[in-house]
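Summary of structural features
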Amino acid sequence: ALTRTRAAGAPVLPAARRHLLPVVLLGLPVALLTARFALSDAAARGPAEHDPLLGLVGGLLGLSTPLVAYSRFEVWPAHVLALVLLGLAVGAWRRRPWGPDRQALALTGLAVTAWYLLSPERYGPQYGFLNDRLSLFPPLLLLLWAAGPPPRPAVRRGVVVAVLGCALAAGLLRVPQERRYQAEVAELMSITPAVPRGSTLLKLQLWRDPPEHGHLRNHYRDALRHEMGRVAVVTGGVDVGHYEAVLDYFPARFRKGDDPRHAVDPTGQGLWSVPPRVDVRTDVVDVVVVLGRRRASPRQLRLAAPQLAQLEAGYRRVAVSARTGLAEVWVRRSSAGRPAG
């Protein structure tokens, strides 16, 4: 808008007040919060962990970082889509002059690309997947920039067919993993009748679900990671491991004087581990749900031996999920007589 105003010989100040000032005011709270976070104690927010620069560049150029989710086979439709986007960009580059809208998109695209490359991947255990999230913006802005001058009808049809084909291929490649996740979530939820209503629940996950076809970027992707919150909702209970309740950027939190997580995880880091490094010798936890005992490796079972011994001493197993034995329900012996929901 400012470029058009200057080209037309109109006063720049009214245009800036009309078009630029609202954007600055809207972005001011975000800028202030970002500055406060950047100036905070590094020990409080956690150390910054950066991914290798070459990996970030390659993941963005091939679109594997923003688009690949479960399977390594998904890189092929992602690469095809990257080539389509590159072809559109080359064609758009040759069609000049660039108007003010395309100039603004180009500058914004360069800015977010630099932001993606310079940002750390993680700030401790609480702030993660930053590169993955930022990687969505450069291709979207490039697509908007390339769409400024419409290509020929034949090119448009080819682009539509290629993009829809890539989306369909990526979706089909994810179906087996989604079906497996669906079955595992259903199996976990099948144990809810054995959970006494109003219980304080703790998940003891002994294994981490690996992605299909090898390790991918997001090794925390696990359909069961936060499903205990759903069990708590169905049974009217409280999930001790509900991560939103212990992080200060979520609206609902445990009260400081009545935080059940502190009783089992005084360091605040034990529940992030698989298997968890927690203490279940407490009257706070009514029910412990053990996940993946039959799938855990011998090493994982050795690491979980102290927690399993505490479980045997203070709890009684009342149910095991039928399909694969994925989930076990253990009720504290002093709570064993409570009615099940």
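Just above, that's the structure.
Quick summary incoming for the structure in this document.

Below, the discussion takes up the sheet that holds strand β7 (residues 327–332). The 5 strands are arranged β4-β3-β5-β7-β6 in an open sheet whose pairing can be described as mixed. Sheet topology places β4 (238–239) and β6 (315–320) at the edges, where each strand pairs with a single neighbour. Here 5 bridges tie strand β3 (residues 200–205) to strand β5 (residues 287–291), and the two strands are oriented parallel to one another. Counted as the bridge partner of Gln205 is Leu291 from β5. The sheet strands contacting helix α11 (residues 228–235) are β3, β4 and β5, and the helix crosses β3 at an angle near 155°.

Note on soluble globular proteins: their nonpolar side chains tend to be buried together. Within the largest apolar cluster, 36 residues are counted, with the highest numbers of intra-cluster contacts made by Leu188, Leu202, Val288 and Val289. Broken down by secondary-structure element, the contributors of at least two residues to this core are α10 (153–189), β3, α11, β5, α14 (305–314), β6 and β7. Considering every element that reaches this core, the biggest residue donor is β5, with 5 residues. Once you skip the residues sitting within four places of it in the chain, Val288 turns out to touch Leu202, Leu204, Leu311, Tyr315, Glu328, Val329 and Trp330.

One can describe the packing of helix α6 (residues 75–94) onto helix α9 (residues 137–146) by two numbers: an axis separation of 9 Å at closest approach and a directional angle of 40°. Taken together, the axes of α6 and α9 lie oblique to each other. Considering how the two elements wind past one another, α6 and α9 form a crossing that is left-handed. Listed contacts from α9 to Leu85, Leu88, Ala89, Ala92 and Trp93 of α6 are Pro139, Leu142, Leu143, Trp145 and Ala146.

Mapping Ser119 onto the fold places it in the loop between α7 (100–118) and β2 (122–123). Owing to a relative accessible area of 10%, Ser119 belongs among the buried residues under this scheme. Within the structure, Ser119 has its side chain in polar contact with the backbone oxygen of Trp115 (distance 2.6 Å). Beyond its immediate sequence surroundings of up to four residues, Ser119 is in contact with His50, Asn131 and Leu134.

Moving on: the pairing of β7. Within β7, 6 of the 6 residues are buried, which leaves it mostly tucked inside the rest of the structure. Neither face of β7 is left uncovered, since the one carrying Ala327, Val329 and Val331 and the one carrying Glu328, Trp330 and Arg332 both have all their residues buried. For β5 and β7, the ladder comprises 5 bridges, and the chain directions are antiparallel. Counterpart to Val287 in the pairing with β7 is Val331. In the sheet, β6 pairs with β7 via 5 bridges, with the strands oriented antiparallel. Bridged to Arg316 within β7 is Val331. In this structure, the hairpin formed by β6 and β7 is closed by a connection of 6 residues, where Gly325 is found at a positive phi of approximately 70°.

Now for the packing of aromatic side chains. Applying the stated criterion to the full structure yields 3 aromatic pairs. With 6.5 Å between their ring centres and 55° between their planes, Trp93 and Trp145 make a pair best called tilted. One end of the pair, Trp93, is in helix α6; the other, Trp145, is in helix α9, and 52 residues separate them in sequence. What makes Trp145 buried here is its relative accessible area of 7%. In this arrangement the basic side chain of Arg102 is found over the ring face of Trp145, its NZ or CZ atom lying 4.4 Å from the centre. When the ring centre of Phe129 is taken as reference, the NZ or CZ atom of Arg122 above it lies at 5.5 Å.

About the thresholds
Residues numbered from 1 in each chain as written. Predicted model: local features only at pLDDT ≥ 70, side-chain atom pairs only at ≥ 80, totals over all residues. Heavy atoms only, no water. Pairing = 2+ DSSP bridges. Helix = DSSP H or I, 4+ residues; strand = E, 2+ residues; numbered from the N terminus. Contact = heavy atoms within 4.5 Å. Axes fitted to C-alpha atoms, helices over the stretch in contact; angles between N-to-C directions. Core = buried A, V, L, I, M, F, W, Y, C linked by side-chain atoms within 4.5 Å. Buried < 20%, exposed > 50% of the residue type's maximum accessible area, 1.4 Å probe, protein only. Parallel < 35°, antiparallel > 145°, perpendicular 65-115°, else oblique. Left-handed = near helix turned anticlockwise from the far one by under 90°. Polar contact = N/O pair within 3.5 Å; in protein donor to acceptor, adjacent residues only side chain to side chain. Phe/Tyr/Trp six-rings, centres within 6.5 Å; stacked < 30°, edge-to-face > 60°. Lys NZ or Arg CZ within 6 Å of the ring centre and 35° of its normal.

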